[in-house]
Structure formats: C-alpha cells, structure tokens
Amino acid sequence: MRLSILAVAAVLSVTSIATAQTPAQTPAQPPSSSEPKWDYVGKYGPVNWGRLDPSYKACSAGKEQSPIDIRGAHLNKALQPIEFHYMAGSITLENNGHTVVAHVRPGSYIVVDGTRYELEQFHFHHPAEEAVKGRISDMVVHLLHKSADGKLAVIAVRFNEDRGNPNTVLSALWPSLPKAGQTTEIKDMINPGGLLPADKGYWTYTGSLTVPPCTEGVRWFVFEQELSLSRNQLRTFGVLFPMNARPLQDTHGRKVEANE
Ligand SMILES: [Zn+2]
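Quick caveat: nothing in here was measured; it's all calculated off a predicted structure.

What counts, and where the lines are drawn
- Residues numbered from 1 in each chain as written.
- Predicted model: local features only at pLDDT ≥ 70, side-chain atom pairs only at ≥ 80, totals over all residues.
- Heavy atoms only, no water.
- pLDDT = per-residue confidence, 0-100.
- Contact = heavy atoms within 4.5 Å.
- Helix = DSSP H or I, 4+ residues; strand = E, 2+ residues; numbered from the N terminus.
- Polar contact = N/O pair within 3.5 Å; in protein donor to acceptor, adjacent residues only side chain to side chain.
- Pairing = 2+ DSSP bridges.
- Salt bridge = Lys/Arg side-chain N within 4 Å of Asp/Glu carboxyl O.
- Buried < 20%, exposed > 50% of the residue type's maximum accessible area, 1.4 Å probe, protein only.
- Phe/Tyr/Trp six-rings, centres within 6.5 Å; stacked < 30°, edge-to-face > 60°.
- Lys NZ or Arg CZ within 6 Å of the ring centre and 35° of its normal.

**A few points about the confidence of the model for the protein**
Thought 1: Residues at a pLDDT of 70 or more form 87% of the protein, whose mean pLDDT is 90.
Thought 2: A low-confidence stretch, residues 1-22 stays under pLDDT 50, and its non-local contacts, those more than four residues away or across chains, total 7 contacts.

**Observations regarding the side chain of T184**
Thought 1: Locating T184 in the fold gives a position in strand 13 (residues 182-190).
Thought 2: Reaching out from T184, the side chain makes a polar contact with the backbone oxygen of S176 at a distance of 2.7 Å.

**Overview of the pairing of strand 15 (residues 216-223)**
As a general feature of sheets, a regular strand has side chains that alternate between the two faces.
Thought 1: Two elements, strand 12 (residues 152-160) and strand 15, share 4 bridges in a ladder whose sense is parallel. Bridging across to strand 15, A153 finds its partner in R219.
Thought 2: Two elements, strand 14 (residues 202-208) and strand 15, share 7 bridges in a ladder whose sense is antiparallel. Looking at strand 15, one finds that T204 is bridged to F221.

**A closer look at the pattern of salt bridges**
Thought 1: Tallied over the full model, the rule gives 7 salt bridges.
Thought 2: Its salt-bridge partner being D113, residue R219 comes within 3.1 Å of it at the nearest N-O pair. Taken together, the positions of R219 in strand 15 and D113 in the loop between strand 7 (109-112) and strand 8 (115-125) put the pair 106 residues apart, joining distant regions of the chain.
Thought 3: Owing to a relative accessible area of 23%, R219 belongs among the partly exposed residues under this scheme.
Thought 4: R158 is the salt-bridge partner of E226, the closest N and O atoms lying 3.8 Å from each other. In this pair, E226 is assigned in the loop between strand 15 and strand 16 (227-228) and R158 in strand 12, connecting sequence segments 68 residues apart.
Thought 5: Ionic contacts of the salt-bridge type, sharing partners, join the residues R135, R158 and E226 into one network.

**As for the packing of aromatic side chains**
Thought 1: Summed over all chains, the structure comprises 12 aromatic pairs.
Thought 2: Ring centres of W174 and F237 lie 5.5 Å apart, and the angle between their planes is 20°; on these two criteria the pair is classed as stacked. Taken as a pair, W174 in the loop between helix 4 (168-173) and strand 13 and F237 in helix 5 (residues 231-240) lie far apart in primary sequence, 63 residues in all. Of the two residues, W174 and F237, neither departs from the other in class, the shared state being buried.
Thought 3: Taken together, the ring pairs connect F122, F124, W174, F237 and F241 into an aromatic cluster.
Thought 4: The positively charged end of R116 is found above the aromatic ring belonging to Y109, 3.5 Å away from the centroid.

**Focus on the environment of R163**
Thought 1: Along the polypeptide, R163 turns up in the loop between strand 12 and helix 4.
Thought 2: For R163, a relative accessible area of 59% corresponds to the exposed category.
Thought 3: Separated by 65 residues in the primary sequence, R163 and S228 place their C-alpha atoms 6.3 Å from one another.
Thought 4: In contact with R163, not counting residues within four places along its chain, are E226, L227 and S228.

Here it is in structure tokens:
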C-alpha cells in the first residue's frame, strides 16, 4: 500500500514539474573532494559513518549524539523563551544530495540566555529525525544558528500531514526545489518565521549535528507544537528524498528539559 502511494506520488510530481515553470538551476559548489562519501542507507549508511573518515569519529564514539527520543522531560521554569529576530529576505536553495538547504541572507538571529545566534540556514529531513515518546513526525525543519564564538544552536520544528493545510513558506520554496547538485535562487522575500509554531514551548538538550561529522556541543531546541503541511508538499519532498533521517541515538543519560 505504501509503495503504491509512493508510485502515485512520483507520477504526480513528474507531472507537476513538467507543467510548472522551471526555475533556473545552476550547479552548486562542487562538494569538497576532502568530504568523504556518506549516505542514509547501505555501506555508507549511519552505522558506518564513524568509520568512513577519522573526522567522523564522533558519529560512533560520541556520547552526546542526535537525534534522540524525547521523553521524561523535566520542567525548568528558569528557562527563558527564545527571542526571535527573523527577517524576510531572498533565499538560495541548494540540493547537496543529502537534503535541500535554504541559505538565508545575514540579519536573522535568535537570543538565548543572553547569547546571540545568527540564522545561517535551514534544511529538511523526511521523515523527522527526533522522536517524541517514540512517535516520529512526517518531516522536520532544522534551523541552524551559530554564535560569534562558533557555538551551534538548532531549532527543530516538526511537520505532520494530519490536517493537511499547506505551509506558506513551503509553498514559496517547493516549486523551486533544486535537483541533486543544483541550486536555485528565490527572489521573493521569505520570512523563516513562517516555519515557527504559534506556541514557542520547547524541549532542550545538548546533542550533535545529525550528519557527518556529527559535531557535538550543539544546543537543541525542539518545539512541542507541530506544524501542518499538505499531502502534496510532503510528497514533493519525499520524491526527492524518500528517507534522509538519521536513526535515534542513545541518550547516555542526558536530561531533556522543558520550558513550560
Ligand atoms: Zn538537520
């Protein structure tokens, strides 16, 4: 049943690509020859990432890896709300073969505990990577931020098809999703704030990048409220990336805190 749905999705997607205006595609920066090949399945898949290159060691040896199953969160009323200072701007979409990365113009940032983190890019995983009490959503967006001294903070917003309403930011980006190795320019002003739920309650824990080199010391904020996307939006991304999610990682006793 699932296979036949995917087959229909593929046909629908090809049809919509053929009839939609084709955005200008330009080759992305070729991947640095020093970046070893990795994938989500097979011999280059997640269980072997740590062996593919010495710089990927944390993927297997790390004790603070992401994603995790979020459960048993402790309420910490001292946690402050995240301050959002996102602004609209043009976006460059890059298909790096692992996901579609939306590179934003400088100027959007968050403030957490007095530290300012600049929004650098956001990207998508299908299905979502983080689980909540064992349940994994249809898709997730990871908004990647960096502080002046190089610390990373990622905000995760999960998407579900349940109610089927399209997300307006996805509606603006999806017609221009680039093919592997390509980039597209979105000239329209897009505000990444359209990827945030109304309720800003979050779970937070210390983890890692979920792709090689699996760098640790990343501050994660997973929003409790999920957003809706349409069936077509989910299918369109799923045709490009049928599965680009790292499996759940051991918490090794890490605590998850909730701000409300
Ligand atoms: Zn990610």
